[in-house]
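A closer look at the structure
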Amino acid sequence: MNKKKLLSFAIALLLGASSTFAQKQPVDYVNPLMGTDSKISLSNGNTYPAIALPWGMNFWMPQTGKMGDGWAYTYASDKIRGFKQTHQPSPWINDYGQFSIMPMTKQLKIDQDSRASWFSHKAEKATPYYYSVYLSEYDMTTEIAPTERCAYFRFTFPETSDAYVVVDAFDRGSYVKVIPEENKIVGYTTRNSGGVPQNFKNYFVIEFDKPFTFNKVWADYHLVETHLELQSNHVGAAIGFSTKKGEQVHAKVASSFISPEQAELNLKEIGNKTFEQTKEAGRKAWNNVLGRIKVEDSDENRMRTFYSCLYRSVLFPRMFYEVNSKGETVHYSPYNGEIRPGYIFTDTGFWDTFRAVHPLFTLAYPEVSGRIMQSLVNAYDESGFMPEWASPGHRGCMIGNNSISLLTDAWMKGIRTFDKDKALEAMLHQTQARGEIASVGRDGYEEYDRLGYVPYPEVPEATATTLGYAYADWCLARFAEATGNQEIAKAYYKKAQNYRNLFYPEKGFMWARDANGKWRDNFDATEWGGPFTEGCSWHWTWSVFHDPEGLSTLLGGHEQMAERLDSMFTAPNTFNYGTYGFVIHEIAEMVALNMGQYAHGNQPVQHAIYLYNYVGQPWKAQYYTRNVLNKLYNSGPQGYCGDEDNGQTSAWYVFTALGFYPVCPGASEYVLGSPLFNKATLSLLGGKQFVIHAENASEDNCYIRSATLNGKNFSHNFLKHEELMQGGELKLIMDCVPDKERGVKPEDAPYSYNK
């Protein structure tokens, strides 16, 4: 072959590879296994492969853990016990409304241990809209294609007279009935981990396309011979077939929290579609959602990490509502057990997700954000409080009044789908009462209002709580001011300055005071727990989202605040596990990063890098954000540096890779960092687009040399929400050398209450 032919051949190969790359759609880059190689003592995400649609009511997953184990799928496992419908937001919160389906051959095995089959990741394919795995124990394949409330199963069996499917409705109260003449199994499961009314049930229906040659029900893993209907502590069903080699048996599965009839109605989401049509509809749904943000890059690994993070960002909160026979949106209330009209979303903790997940929704998915805001007001009507951590009802987890942040951020960005007067009523009540569990309402509100802070040790986690309340008070003031309630706004703006009362001047950190005003003894900035939540003073001192300028004044000025930020990365990664009494996984994850006291694996400090923009040193924000993007994330099973937490750690990546981040939800601004991609396009409602061009962006070129917004010179360290929503172009010229003259003027700094 001569040189000319060789050259032509090489060009053809390159063009072919380029064409293949170009044909990929966003969902093709998603790896649902990202972060699944985790355990209790060390988290690389604590995720599971959610086979679902965006914000779907029901998720499905291969189950490797035992019934009730929050670590229901771990990458290191080698056996699958079943395919479980799950509503688990976190292994720490665990699951509810769960049941599983497990096919098998040869011998019927009901017990969860004996029925488990070996599997290999080499014979496993996981996408958001389709899952497939070869079960080597049974020489067969299971495939799943989800809808919002259903799943389509396809089992490919070998030639056998002993092909079975076991349905496990789990323990703590369940019911099952086999209806052979309809090739159907119905039932309900009640297993939960808390946060449900007394009448809670998840009703399910499973329709097969092949008549049964065997059918039994079972209780406590023992077959019952006399009937086909059973209610007890732990029941299930087993049905069987004779199959030819390669024969495919299909099962359509739906469930409902409302009634058995509604479960049948939900099955219409599949209707007469084939498995392939259902799969393709799921693929299209995911591309429609992920495609709102288009990034372009020659590095496929970065593309995979970005879209895997975006996938995680739009799973929670899940829709908990259904559509009745009249076409009306209704829901079973996880707060009072009634069937109510309207939207309810659940399975999320706002302590995590107010920071970036919900601001992402307001920007890229405002129609979804609008429904979530209605859900908050509905929850207030149904329980007397807005949720802070819901799964599916109120849960005793974490601190703060971050639901107020969601409503304020949405309102300030023009999302007006909810009753503003009812919302303000709910916000005020949230700050003036405490629920039956400490995370509902405002724990320590009387002391907070009397003293100007929450005292410790009288109230656990008091310093972190005070900082959260001060930010929530600012949010409430913003909302009140925007809706014409000036007296309320004035009072809450004043309370928003309460963060100052726990700044320890002698030490230069946030610390704790008791009810008599005395500072806590034995100051140690590395001490975890006590007055802090999952962190120490190094992390919580920065939690003044609404007033970094005021924090800077407390620290002595911009230079001093910048030096303190610098020292967070250079200080020894030592720790004092404090009141936790042992090394919790968040501590282990911080130490493993070897980034000083910076603990990106947990939420309190994730915004801190961006604070350099407030003190005239934006180039450091550009350096450190790029460093974290490249060092702490990848699309593999160890893809995170701590708990992923309902999309928050993923949404941080999504925003930061685009080049900006919502440091203070409610301020309607996004603070600049360093874009990862040469080009990113946001497709906004109304057909507008906002494009971020980062010329020369590379691993070394992380610094902004110059910027223009819609063709005009741009020196600010922030973008306004309305600037993005109007569409346009942000063009950045990137360099390997920091420009220490750009973005350093006072007017270039982002919003701060005391600016």
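Model, not experiment: these values are computed from the prediction.

Glancing now at helix α12 (residues 486–495). The periodicity of an α-helix, 3.6 residues per turn, causes residues three or four positions apart to be oriented the same way. Inspection of α12 places Ala489, Tyr492, Tyr493 and Lys495 among the buried residues, and these make up the whole buried set. Seen along its axis, α12 keeps its buried residues to an arc of 155 degrees; they face one direction. Opposite its buried face, α12 presents the exposed residues Glu487, Lys490 and Lys494, each directed more than 90 degrees away. Where α12 is buried, its residues contact α9 (420–432), α10 (445–451) and α11 (462–482).

This brings us to the sheet that holds strand β1 (residues 59–63). In spatial order, the strands read β1-β3-β4-β10-β17-β14-β15; together these seven strands make up an open sheet with antiparallel pairing. Either end of the sheet is taken by a strand with one partner, and the two such strands are β1 and β15 (222–224). The sheet shows a mean angle of 25 degrees between the axes of neighbouring strands, taken without regard to direction. In the sheet, β1 pairs with strand β3 (residues 82–86) via five bridges, with the strands oriented antiparallel. Within β3, the residue paired with Trp60 across the bridge is Gln85.

With that out of the way, let us pick up a nonpolar patch on the surface. Together, Phe575, Tyr577 and Val583 give the surface a local cluster of nonpolar side chains, amounting to about 250 Å² of exposed area. Residue position: Val583 is located in the loop between α15 (558–570) and α16 (585–593). For Val583, a relative accessible area of 41% corresponds to the partly exposed category.

It is worth spelling out the nonpolar core at this point. One finds Phe153, Ile185, Phe208, Ile293, Phe306, Trp542 and Phe660 to be the most contacted residues of the largest nonpolar core, which totals 243 residues. Top contributing element to this core by residue count: α11, with 13 residues. Each residue touching Trp542, except ones within four places of it in the same chain, is listed here: Leu551, Leu555, Met561, Arg564, Leu565, Met568, Val605, His607, Ala608 and Leu611.

What follows concerns the pairing of strand β8 (residues 140–146). For β8, the buried fraction is high: six of the seven residues fall into the buried class. Where strand β7 (residues 130–135) hands over to β8, the hairpin turn is made up of four residues, of which Asp139 adopts a positive phi near 50 degrees. In this sheet, strand β9 (residues 150–157) lies alongside β8 in antiparallel orientation, the contact comprising six bridges. Bridging from a neighbouring strand, Ala145 pairs with Tyr152 of β9. Between the antiparallel neighbours β8 and β9 lie three residues.

By the secondary structure assignment, Gly444 is in the loop between α9 and α10. Since its relative accessible area comes to 8%, Gly444 is described here as buried. It is 53 Å that separates the C-alpha atoms of Gly444 and Ala238, two residues lying 206 residues apart in sequence. Ignoring anything within four residues of it in the chain, the contact list for Gly444 reads Val454 and Val459.

The next thing to look at is the packing of aromatic side chains. Summed over all chains, the structure comprises 63 aromatic pairs. Plain terms: the ring middles of Phe257 and Phe320 are 4.5 Å apart, the flat faces sit at 25 degrees to each other, and that makes the pair stacked. Of this pair, Phe257 sits in the loop between β18 (247–256) and α2 (260–266) while Phe320 sits in the loop between β20 (318–319) and β21 (321–323), placing them 63 residues apart in sequence. A single burial state applies to Phe257 and to Phe320, both of which are buried. The rings of Trp60, Phe99, Phe153, Phe155, Phe157, Phe204, Phe208, Phe212 and Phe241 are connected pair by pair, giving a single aromatic cluster. Across the ring face of Trp351, the terminal group of Arg355 is positioned such that the distance to the ring centre comes to 5.1 Å.

Note the cis peptide between Phe316 and Pro317, where omega equals 0 degrees. Along the chain, Pro317 turns up in the loop between α4 (300–313) and β20. In this model, Ser391 is joined to Pro392 through a cis peptide bond whose omega is -15 degrees. Among the secondary structure elements, Pro392 is positioned in the loop between β26 (389–390) and α8 (402–412). Even without being glycine, Asn710 reaches a positive phi, approximately 55 degrees. Structurally, Asn710 is set in the loop between β33 (703–709) and β34 (712–713).

Before going further, it helps to examine the pairing of β33. Pairing analysis gives six bridges linking β33 to strand β36 (residues 728–735), with the strands arranged antiparallel. Bridge pairing in β36 places Leu709 opposite Leu730. Bridge count between β33 and β34: two bridges; the pairing is antiparallel. Within β34, the position partnered with Thr708 by the bridge is Asn713. Taken together, β33 and the strand that follows it, β34, pair antiparallel across an intervening segment of two residues, in which Asn710 is found at a positive phi of about 55 degrees.

As a further point, take the pattern of salt bridges. Going through the model one piece at a time under the given rule, you end up with 34 salt bridges. The salt bridge partner of Arg115 is Asp168, with a shortest N-O separation of 3.1 Å. Of this pair, Arg115 sits in the loop between β4 (99–105) and β5 (117–118) while Asp168 is found in strand β10 (residues 160–168), placing the two residues 53 residues apart along the sequence. Accessibility classification places Arg115 together with Asp168 in one group, the buried group. Across the salt bridge formed by Lys184 and Glu182, the nearest N and O atoms sit 3.0 Å from each other.

Parameters and conventions
- Residues numbered from 1 in each chain as written.
- Predicted model: local features only at pLDDT ≥ 70, side-chain atom pairs only at ≥ 80, totals over all residues.
- Heavy atoms only, no water.
- Buried < 20%, exposed > 50% of the residue type's maximum accessible area, 1.4 Å probe, protein only.
- Helix = DSSP H or I, 4+ residues; strand = E, 2+ residues; numbered from the N terminus.
- Arc of directions from axis to C-beta.
- Contact = heavy atoms within 4.5 Å.
- Pairing = 2+ DSSP bridges.
- Axes fitted to C-alpha atoms, helices over the stretch in contact; angles between N-to-C directions.
- Patch = residues over 30% accessible without salt bridge, like charges linked within 9 Å, V, L, I, M, F, W, Y side chains within 5 Å.
- Areas by Shrake-Rupley, 256 points an atom, 1.4 Å probe, with all protein chains shown as cover.
- Salt bridge = Lys/Arg side-chain N within 4 Å of Asp/Glu carboxyl O.
- Core = buried A, V, L, I, M, F, W, Y, C linked by side-chain atoms within 4.5 Å.
- Phe/Tyr/Trp six-rings, centres within 6.5 Å; stacked < 30°, edge-to-face > 60°.
- Lys NZ or Arg CZ within 6 Å of the ring centre and 35° of its normal.

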